[in-house]
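# Structural overview for review
Now for the letters of each chain:
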Amino acid sequence: MSVGTAEGRREGRPSAREETPPYLQLVVKVSKFCNLRCRYCYEFPSLGDRTAMTVPQVRNMIKHVGEWLADQPDRTADFVWHGGEPLLMPHEFYYEVKRAQQEFLEPAGIPYGNSVQTNLYRLTDDDLTLMRDVFDDVGVSVDLVGGQRVNVAGRQAQPRVLAHMQRLMDEGLNFGCITVLSRSTAPHVADIHRFFEDMDLGFRLLPIYRTGYPGQQADHELSSEEIVGALKTLTDRWLVSDSFINVEPIEGYAANVVHALHGEGEQRFYDKERGETILVIDTDGSVYSNGDAYDLTLRHGDIFTQSLAGMRRSPTFGEALRQSRDRVRDTCTGCRYFGSCSGFFAAESTPEQRWRDPVSGLSRCGVVLPVQQYIEERLTDLGLVDSVSRRLDRTLLERRALD
């Protein structure tokens, strides 16, 4: 990224740097087995597969993570236990995870955290105890509308999940939610925001970003223009809300816009070689960059048997790195937000998120750029740049207080 640095200095802007994030998020696909059959789930073909990681395998994984991060001071290992439904694993498995982290990470002074992404269709007393003992954060997948989240028998999961969310609140357990943005939920974005606002719960609106088999998403996925329209609606709701709930991806986009408008602070550029943010670890130990799961031609290696440092010298990682840099170059060059927006969205986009101009055939930023432009227009028109900057600061402080 030396070109970016030279351009930044030549134009009189603050010096640029390649962004080395303070954390490494490891999305661990501990098992694909699930008690639901959500129709758009990209793991759908594997939801009946009971294959799961073993304790020895996970110990090796944590050991290799510790060895790699020992040479990267001040980076945190954030383990996101994912599935399938990760809470269907034996609970003792997660206590063994915690013991392995204490053995391999704590002596090296490596901070770490554990979160679980659950459909919350089941919630037992033992699940609650596990959440308190092992998990720092709980994410709940819930759509509220659309009827796409069903159990194995095809019955709606929603009533039970909402009851279990209420129980989490009654028990004093903090959690956030993810709602999939699809053809079923897009018309109801304002109502979805209102629900979470009334519940005082943070949430992420997540467009469909992977496909489990050809044709799966034909009735579910949205065009980039439709995604932008929904996120504009969410932006308008967020701007007038008196609530300080965390609303993503709007808050992240707004932070980029405020950074660009203020013109202060270092520019930020993402590069996976210097500081990869997210690794996806499949049930068999295969490691992928966020945008490349489960492409075997871009598989880094096997974390159960190989070191992360060794994997990053592999030809397949080299190819993933080349493609990622090419996407940033083709998509982000010349964008006025580049340097405030790090380029991560292009670098780690999935195939479903790699939009091209229908006329020129060139890569284009189909969602992030137009939404950030809209946020800038709204902030400028309303004279809210400074107030939104303070709001983002306050939201961050409140989240830190919860942590």
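Keep in mind that this is a model prediction, so the values were computed, not measured.

Moving on, we get to unusual backbone geometry. Omega for the peptide link from Glu-248 to Pro-249 comes to 10 degrees, which places this bond in the cis form. One can find Pro-249 in the loop between strand S8 (247-248) and helix H8 (250-262). Cis rather than trans, the peptide bond between Ala-293 and Tyr-294 has omega equal to 0 degrees. Tracing the sequence through the fold places Tyr-294 in the loop between strand S11 (286-289) and strand S12 (301-302). We note that Asp-74 has phi near 70 degrees; this positive angle belongs to a residue other than glycine. Topologically, Asp-74 is positioned in the loop between helix H2 (55-69) and strand S3 (76-82). Taking relative accessible area as the criterion, Asp-74 reaches 71% and is therefore assigned exposed.

Turning next to the sheet that holds S11. Strand order across the open sheet formed by 10 strands is S8-S7-S6-S5-S4-S3-S2-S10-S11-S12, with mixed pairing between neighbours. Two strands close off the open sheet at either side, each with one partner strand: S8 and S12. As paired elements, strand S2 (residues 23-29) and S3 share 7 bridges and run parallel to each other. Across the sheet, Leu-24 pairs through a bridge with Ala-77, a residue of S3. Running over the sheet, helix H7 (residues 224-240) touches strand S6 (176-181), strand S7 (203-207) and S8 and is turned about 165 degrees from S7.

This part is about the side chain of Lys-32. Summarising the element assignment, Lys-32 is placed in the loop between S2 and H2. The exposure class of Lys-32 is buried, given its relative accessible area of 10%. A polar contact is formed between the side chain of Lys-32 and the side chain of Glu-43, at a distance of 3.3 Å. When neighbours within four sequence positions are excluded, Lys-32 is seen to be in contact with Glu-43, Ser-46, Leu-47, Asp-49, Thr-51, Gly-83, Gly-84, Asp-282, Thr-283 and Tyr-294.

Another aspect to go through is helix H6 (residues 189-199). Val-189, Ile-192, His-193 and Phe-196 are the residues of H6 that are buried. Down the axis, H6 shows its buried residues gathered within 95 degrees of arc, on one side only. Summarising the contacts, the buried residues of H6 are in contact with S6, S7, H7 and S8. Positive backbone phi, approximately 60 degrees, marks Asp-200, located one or two places after H6.

Attention shifts here to the packing of H2 against helix H3 (residues 91-104). Helices that pack against each other are described as a pair by the angle of their axes relative to one another and the distance between those axes. With their axes 9 Å apart at the nearest point, H2 and H3 run at an angle of 30 degrees to one another. Taken together, the axes of H2 and H3 lie roughly parallel to each other. Between H2 and H3 the crossing geometry is right-handed. Between H2 and H3, the residues in contact are Val-55, Val-58, Arg-59, Ile-62 and Lys-63 and Phe-93, Glu-96, Val-97, Ala-100, Gln-101, Glu-103 and Phe-104, respectively. Broken down by class, the residue content of the contact of H2 with H3 amounts to 7 nonpolar, 1 polar and 4 charged.

In this section: the pairing of S6. The pairing of strand S5 (residues 137-141) with S6 spans 3 bridges and is parallel. Opposite Val-140, over in S6, you have Cys-177 as the bridge partner. Handedness of the crossover is the feature at issue here: the chain leaves S5, passes through helix H5 (residues 158-170), returns alongside S6, and the resulting connection is right-handed. In this fold, S6 hands off to H6, which returns the chain to S7; that crossover is right-handed.

A few words now on the nonpolar core. Among the nonpolar cores identified, the biggest contains 88 residues, and Met-61, Phe-79, Trp-81 and Val-140 are the most heavily contacted of them. Here this core takes 7 residues from H7, the largest share from any one element. Not counting the four nearest positions on each side in its chain, Met-61 is found in contact with Val-28, Phe-79, Trp-81, Ile-281, Ile-303 and Phe-304. Core analysis: the second largest hydrophobic core is formed by 14 residues, Val-280, Val-328, Phe-338 and Phe-344 among them.

Running from amino to carboxyl end, H6 crosses H7 at an angle of 40 degrees, the nearest separation of the two axes being 9 Å. It follows that H6 is oblique to H7 by the angle criterion. Considering how the two elements wind past one another, H6 and H7 form a crossing that is right-handed. Taken together, the residues of H7 that come into contact with H6 (itself represented by Val-189, Ala-190, His-193, Arg-194 and Glu-197) are Ala-230, Thr-233, Leu-234, Arg-237 and Trp-238. Partitioned by chemical class, the residues of the contact of H6 with H7 number 5 nonpolar, 2 polar and 3 charged.

Before going further, it helps to spend a moment on the packing of aromatic side chains. Applying the stated criterion to the full structure yields 14 aromatic pairs. Between the aromatic rings of Trp-81 and Tyr-94, the centroid separation amounts to 5.9 Å while the plane-to-plane angle is 80 degrees, which identifies the pairing as edge-to-face. Linking Trp-81 in strand S3 with Tyr-94 in helix H3, this pair joins segments that are 13 residues apart in sequence. The class of Tyr-94 is buried, set by a relative accessible area of 0%. Note that Lys-32 overlies the ring of Tyr-294, its terminal NZ or CZ placed 4.6 Å from the centroid. A cation over an aromatic ring shows up here: Arg-336 above the ring of Tyr-337, its NZ or CZ 4.9 Å from the ring centre.

Calculation rules
- Residues numbered from 1 in each chain as written.
- Predicted model: local features only at pLDDT ≥ 70, side-chain atom pairs only at ≥ 80, totals over all residues.
- Heavy atoms only, no water.
- Helix = DSSP H or I, 4+ residues; strand = E, 2+ residues; numbered from the N terminus.
- Buried < 20%, exposed > 50% of the residue type's maximum accessible area, 1.4 Å probe, protein only.
- Pairing = 2+ DSSP bridges.
- Contact = heavy atoms within 4.5 Å.
- Axes fitted to C-alpha atoms, helices over the stretch in contact; angles between N-to-C directions.
- Polar contact = N/O pair within 3.5 Å; in protein donor to acceptor, adjacent residues only side chain to side chain.
- Arc of directions from axis to C-beta.
- Parallel < 35°, antiparallel > 145°, perpendicular 65-115°, else oblique.
- Left-handed = near helix turned anticlockwise from the far one by under 90°.
- Nonpolar A, V, L, I, M, F, W, Y, C, P; charged D, E, K, R; others polar.
- Right-handed = clockwise from strand over helix to strand, strands pointing away.
- Core = buried A, V, L, I, M, F, W, Y, C linked by side-chain atoms within 4.5 Å.
- Phe/Tyr/Trp six-rings, centres within 6.5 Å; stacked < 30°, edge-to-face > 60°.
- Lys NZ or Arg CZ within 6 Å of the ring centre and 35° of its normal.

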